Amino acid sequence: MTTARALLDEPAEPHILFVEDDAVIRDTVRIALQRYGFTVSTAADGLTGLELFRSAQPDLLLLDVMLPELDGIGLCRRIREFSLAPILMVTARGDDLDMISGLEAGADDYVVKPCETAVLVARIRSLLRRASFASVREEPTREVREVREDDGTARAGTPDGGGVLAFGDLTIDTYGMEVRRAGEVVALTPTELRLLLVFAASPGVVLERRTLLRKVWDHAWDGDARVVDLHVKRLRAKIDAERIETVRGFGYKLRR
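The rules we used
- Residues numbered from 1 in each chain as written.
- Predicted model: local features only at pLDDT ≥ 70, side-chain atom pairs only at ≥ 80, totals over all residues.
- Heavy atoms only, no water.
- Helix = DSSP H or I, 4+ residues; strand = E, 2+ residues; numbered from the N terminus.
- Buried < 20%, exposed > 50% of the residue type's maximum accessible area, 1.4 Å probe, protein only.
- Contact = heavy atoms within 4.5 Å.
- Areas by Shrake-Rupley, 256 points an atom, 1.4 Å probe, with all protein chains shown as cover.
- Pairing = 2+ DSSP bridges.
- Axes fitted to C-alpha atoms, helices over the stretch in contact; angles between N-to-C directions.
- Phe/Tyr/Trp six-rings, centres within 6.5 Å; stacked < 30°, edge-to-face > 60°.
- Lys NZ or Arg CZ within 6 Å of the ring centre and 35° of its normal.
- Expected span 1.5 Å × (residues − 1).
- Salt bridge = Lys/Arg side-chain N within 4 Å of Asp/Glu carboxyl O.

Draft legend 1. Representation of the overall build of the protein chain. Within the protein chain, the regular secondary structure consists of nine helices and 14 strands. Across the 256 residues that make up the protein chain, the buried fraction comes to 47%. Counting contacts in the protein chain only where the partners sit at least 6 residues apart, residues at least 24 apart contribute 57% of the total. About 13,000 Å² of surface is accessible on the protein chain, with carbon and sulfur atoms providing 50% of the total.

If you want it as structure tokens, here you go:
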């Protein structure tokens with residue numbers, strides 16, 4: 001059914017699914033997020049959360065790690081089998097294992113509870129901006145662009161003007177937001193895609209972890225650099241482990 005909002009071409013309120021087994025926390029966070037203009041659905045266990053995610057198709061999943069029936073890590077893995085929607089994990093303070101496991105399972109970012117509402121909302125908005133950026137689909141004329149070095153060797157151009165960038169067998173369509181490796185489409189989450197685009201904007205240039213946190217995660221605060229490391233690990237597994245080089249003591253760079 002077409003809604004009045006759709007007919008008026010008004011943007012829908014972002015829909016968040018919050019999966020949390022503690023009823024008090026679940027209701028408190030739901031009410032707080034609704035005050036910030038979000039539509040919020042909730043589930044008390046992992047299996048119900050999975051069913052609701054499939055049926056409601058929310059814009060973002062806010063997910064506690066400790067859940068009955070199916071824990072947050074398992075739920076994250078199940079969802080990543082069919083969806084690239086942003087996932088924000090909620091972990092216990094000081095539990096690095098939960099954070100690492102969640103990011104390795106496919107989460108885009110994490111917050112530590114108890115968390116101030118303003119911080120939570122900032123993280124949610126950052127992920128939604130990233131997802132909105134990655135979902136842009138335009139169909140202008142595409143052109144594979146290469147820039148010649150002084151020695152005559154070819155390297156990929158920068159994405160300032162759009163088009164298709166080529167890095168060996170890896171191509172990045174900056175109009176259609178599509179990545180291919182050896183002709184096959186590579187499924188990247190919005191965070192992984194944004195990370196790759198930041199690398200592609202400066203091929204051969206070493207980017208520090210703090211720089212990547214600021215450009216990809218919008219973290220104005222002193223974010224955890226391990227988030228970068230784990231996302232680079234996931235990205236390498238998809239596009240080629242050798243394509244992104246570690247420069248010890250400094251950061252990472254995309255090989256030309």
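Draft legend 2. Local environment of the sheet that holds strand E1 (residues 15-19). Ordered in space as E2-E1-E3-E4-E5, the five strands form an open sheet in which the pairing is parallel. With one partner strand each, in any of the chains shown, strand E2 (39-43) and strand E5 (109-113) form the two edges of the open sheet. Sheet twist, expressed as the mean angle between neighbouring strand axes with direction ignored, is 20°. Alignment of E1 against E2, held across five bridges, turns out to be parallel. Bridge pairing in E2 places His15 opposite Thr39.

Draft legend 3. Layout of the pairing of strand E13 (residues 244-247). When E13 meets strand E14 (residues 251-254), the two strands line up antiparallel, connected through four bridges. Each residue of the ladder has a partner; that of Val247, found in E14, is Gly251.

Draft legend 4. Seen up close, the side chain of Thr191. Looking at where Thr191 falls in the secondary structure, it is placed in helix H7 (residues 190-201). Excluding its chain neighbours within four sequence positions, the residues that come into contact with Thr191 are Asp108, Leu127, Arg130, Val216, Trp217 and His231.

Draft legend 5. Quick look at the sheet that holds E14. A sheet is described by the order of its strands in space; here three strands give the open sequence E12-E14-E13, paired in antiparallel fashion. Each edge of the sheet is formed by a strand with only one pairing partner; in this case those strands are strand E12 (207-208) and E13. Strands E12, E13 and E14 of the sheet are contacted by H7, whose axis makes an angle of about 75° with E14. Where helix H9 (residues 226-239) meets the sheet, its contacts fall on E13 and E14, and the angle it forms with E13 comes to roughly 145°.

Draft legend 6. Region of interest: the packing of aromatic side chains. Applying the stated criterion to the full structure yields one aromatic pair. Pairing Phe53 with Phe82 gives two aromatic rings, centres 5.9 Å apart and planes at 65°, and the pair type is edge-to-face. Of the two residues, Phe53 is situated in helix H3 (residues 46-56) and Phe82 in the loop between helix H4 (72-80) and strand E4 (87-92); the sequence distance between them amounts to 29 residues. Here Phe82 falls in the partly exposed class, since its relative accessible area comes to 37%. The cationic tip of Arg54 hangs over the ring face of Phe82; the distance from NZ or CZ to the ring centre is 4.2 Å.

Draft legend 7. Structural detail: the side chain of Arg234. Here Arg234 lies in helix H9. Once residues within four sequence positions are removed from consideration, Arg234 is found in contact with Leu103, Glu104, Gly106, Ala107, Thr189 and Glu192.

Draft legend 8. A look at the pairing of E4. In terms of burial, E4 is a largely internal element, five of the six residues being buried. Summarising the sheet, strand E3 (residues 60-64) and E4 pair through four bridges and their orientation is parallel. Bridging from a neighbouring strand, Leu63 pairs with Met89 of E4. For E4 and E5, the ladder comprises five bridges, and the chain directions are parallel.

Draft legend 9. Representation of H7. Compared with the 16 Å implied by 1.5 Å per residue over 12 residues, the 16 Å span of H7 between its first and last C-alpha is a close match. Counting buried residues along H7, 10 of its 12 residues qualify, which places the element largely inside the surrounding structure. Residues of H7 that are buried: Pro190, Thr191, Glu192, Leu193, Leu195, Leu196, Leu197, Val198, Phe199 and Ala200.

Draft legend 10. Structural detail: the pattern of salt bridges. According to the stated counting rule, one finds 13 salt bridges in the structure shown. Residue Glu104 pairs with Lys233 through a salt bridge whose shortest N-O separation is 3.3 Å. In this pair, Glu104 is assigned in helix H5 (residues 96-105) and Lys233 in helix H9, connecting sequence segments 129 residues apart. Assessed through its relative accessible area of 41%, Glu104 is described here as partly exposed. Note that Arg123 is salt-bridged to Asp109, the shortest N-O span being 3.7 Å.

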